[in-house]
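# Examining the three-dimensional arrangement
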Amino acid sequence: MDEKKRKVTIVGAGAVGSTFAYALAQSGLADEIAITDMNENFAKGQALDLVQGQPFLQQVDIHAGGAADYADSDIVVITAGAKQQPGETRIDLLKRNAGIIAAIASDIARSGCNGVMLVVSNPVDVLTKIAREASGWGRNRVVGSGTVLDTARFRYALSRECGVDARNIHGYILGEHGDSEFAAWSMTSIAGQRVDAYCEDGKCASGFDFSREKILEEVRNSAYHIIDYKGATYYAVGLALTRIAGAILRNERSILSVSTELDGEFGLNDVCLSVPCVVGRNGAERVIENPLPAEEQTALEASAARLKAALQSIR
């Protein structure tokens, strides 16, 4: 008997959606990738461009698709929406994208899909909340890409400052994927040591200067710099989405800082933002509720308040 194919449907064939499809195709994680877009010819062109590289890829069925592909998908990844313009914050995108995401989420739910909805469109936290409400699904099955990319930027910045492989640094950026995000320094470690112990007196073992404020500012402003330079971000986010998709498709139960709706965790309710979650076949299966020091708890609450206000502004 043939095993069920691992299928991912991507909604939106633009820079982020197509780059994710490219990274996913090379990873071997999916057996089938359907690419959909309001511009059907554009989706067909992206799929054809990818499928002609089939001789260089692991076996994967790549094709242009439509709403009919939602039903048997393990993951539906929503990248559709207006893109962020230079000088525009993620929150500024909200009014333009809220209606688009609600309609897509409703269509996915009506299809009978039993998989996971992964929201990428910005501002991702508020749009994840809108998608969850529009779909009527349980909170675990509607997740946002959140600060998975911001966390990767954080680990990269620390690796450069500390002279340590980024894969051996553990830590998270939490809260909003945006201007109010913060570094959870209380959870950040290198080789089992708290980062402040590893880098005593403001110096890392490698001898580099260590500035928490500088690193956080770099992480927060990375997207703005890239947008100013080239108009959009898509390579790193494509890799981040492949990491999340792998955790779901292979039921890895990985700890990732995806955006999920809180229900009392960290004293917060009725808001989607990024906290450490166990991510597996059923989406964000469990929130890891580590006690936060006062300043980090305050930062998380400030992020939640900002996101609630943004959502309220369009209701």
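Reading the values: rules and limits
- Residues numbered from 1 in each chain as written.
- Predicted model: local features only at pLDDT ≥ 70, side-chain atom pairs only at ≥ 80, totals over all residues.
- Heavy atoms only, no water.
- UniProt positions renumbered as here; feature names shortened; annotations may be inferred.
- Helix = DSSP H or I, 4+ residues; strand = E, 2+ residues; numbered from the N terminus.
- Rg over C-alpha atoms; globule rule 2.2 N^0.38 Å.
- Buried < 20%, exposed > 50% of the residue type's maximum accessible area, 1.4 Å probe, protein only.
- Contact = heavy atoms within 4.5 Å.
- Pairing = 2+ DSSP bridges.
- Axes fitted to C-alpha atoms, helices over the stretch in contact; angles between N-to-C directions.
- Core = buried A, V, L, I, M, F, W, Y, C linked by side-chain atoms within 4.5 Å.
- Polar contact = N/O pair within 3.5 Å; in protein donor to acceptor, adjacent residues only side chain to side chain.
- 1 Å grid on protein atoms, 1.4 Å probe; cavity = no way out; pocket = protein on both sides within 12 Å on 5 of 7 lines; lining within 4 Å.
- Points joined across faces, edges and corners; volume = space filled by probe spheres on them.
- Nonpolar A, V, L, I, M, F, W, Y, C, P; charged D, E, K, R; others polar.
- Domains from an automatic or database assignment.
- Lys, Arg positive; Asp, Glu negative; His and termini not counted.
- Salt bridge = Lys/Arg side-chain N within 4 Å of Asp/Glu carboxyl O.
- Expected span 1.5 Å × (residues − 1).
- Parallel < 35°, antiparallel > 145°, perpendicular 65-115°, else oblique.
- Left-handed = near helix turned anticlockwise from the far one by under 90°.

Where an unreviewed UniProt entry is consulted, the protein appears under the name L-lactate dehydrogenase, with the organism given as Treponema brennaborense. Quoted verbatim from the Function (unreviewed entry) heading of the UniProt record, the comment on the protein is "Catalyzes the conversion of lactate to pyruvate."

Looking only at helices and strands, the protein has 9 helices and 16 strands in total. Here the C-alpha atoms of the protein give a radius of gyration of 19 Å, agreeing with the 20 Å that 2.2 N^0.38 yields for 315 residues. Within the protein, the fraction of its 315 residues that count as buried is 53%. Contacts in the protein between residues at least 24 apart in sequence constitute 68% of all its contacts with a sequence separation of at least 6.

The strand order β12-β15-β16 describes an open sheet built from 3 strands, whose pairing is antiparallel. The outermost strands of the open sheet, each flanked by one partner alone, are β12 (254-256) and β16 (283-287). The average angle at which neighbouring strand axes cross in this sheet is 40°, direction not considered.

Judged by pairing direction, the sheet is antiparallel, and its 3 strands sit side by side in the order β7-β10-β11 without closing on themselves. Of all the strands in the sheet, just β7 (169-170) and β11 (193-194) have a single pairing partner and so form its edges.

Nonpolar side chains tend to gather and get buried jointly when the protein is soluble and globular. Of all hydrophobic cores here, the largest spans 76 residues; its most connected members are Val 8, Ile 33, Ile 35 and Ile 108. Among the elements that line this core, the one with the most residues is helix α8 (residues 235-249), at 8 residues. Of all hydrophobic cores here, the second largest spans 16 residues; its members include Ala 157, Val 164, Val 195 and Cys 199.

This part covers the UniProt feature "modified residue: Phosphotyrosine" (unreviewed entry) in the protein. Mapped onto the present numbering, the UniProt feature "modified residue: Phosphotyrosine" (unreviewed entry) falls on Tyr 224. Following the sequence through the fold, Tyr 224 ends up in helix α7 (residues 212-230). For Tyr 224, the side chain forms a polar contact with the side chain of Asp 179, separated by 2.7 Å.

The next thing to look at is the layout of surface pockets. Put simply, the largest pocket is a space of about 910 Å³. Around the largest pocket, the lining comprises 42 residues; the ones closest to its centre are Val 16, Thr 79, Ala 80, Gly 81 and Ser 121. Classifying every residue of the lining of the largest pocket gives 20 nonpolar, 17 polar and 5 charged. Three or more residues apiece are contributed to the lining of the largest pocket by two domains, here domain 1 (7-144) and domain 2 (147-313). There is about 370 Å³ of room inside the second largest pocket. As for the second largest pocket, its lining consists of 17 residues, and the residues nearest its centre are Val 148, Thr 151, Arg 155, Arg 243 and Leu 256.

Relative to the helices and strands, Glu 296 resides in helix α9 (residues 294-312). Here Glu 296 sits buried without a salt bridge, and the closest side chain of opposite charge, Arg 212, lies 6.1 Å off (N-O distance). Sequence-distant contacts of Glu 296, defined by excluding residues within four places in its chain, comprise Phe 182, Ala 183, Ala 184, Trp 185 and Ser 186.

To continue, consider helix α3 (residues 94-110). A turn of α-helix holds 3.6 residues, and therefore any two residues three or four places apart point the same way. If you check α3, its first and last C-alpha atoms are 24 Å apart, about what 17 residues at 1.5 Å a residue would give, namely 24 Å. For α3, the complete set of buried residues consists of Leu 94, Asn 97, Ala 98, Ile 101, Ile 104, Ala 105, Ser 106 and Ile 108. Close packing links the buried residues of α3 with β1 (7-11), β4 (75-78), β5 (116-119), α4 (124-135) and α9. Trailing α3 by a residue or two, Gly 112 shows a phi angle of about 85°, which is positive.

The next point concerns the pattern of salt bridges. Pairing between side chains of opposite charge can happen when the charged atoms of each approach one another. Counted under the stated rule, the structure contains 20 salt bridges. Lys 129 is the salt-bridge partner of Glu 133, the closest N and O atoms lying 3.3 Å from each other. Taken as a pair, Glu 133 and Lys 129 lie in helix α4 at a separation of 4 residues, close to a single helical turn. By relative accessible area, Glu 133 is classed as partly exposed at 33%. For Arg 160, the salt bridge is made with Glu 161, and the minimal N-O distance between the two is 3.6 Å.

Where helix α1 (residues 15-27) meets α8, the axes come as close as 8 Å, and the angle between the chain directions of the two elements is 50°. Here α1 is positioned oblique relative to α8, judged by the angle of their axes. Between α1 and α8 lies a crossing of right-handed hand. Between α1 and α8, the contacting residues are Val 16, Thr 19, Phe 20, Ala 23, Leu 24 and Ser 27 on the first element and Tyr 235, Val 237, Gly 238, Leu 239, Leu 241, Thr 242 and Ala 245 on the second. Its residues assigned to classes, the contact of α1 with α8 shows 9 nonpolar, 4 polar and no charged.

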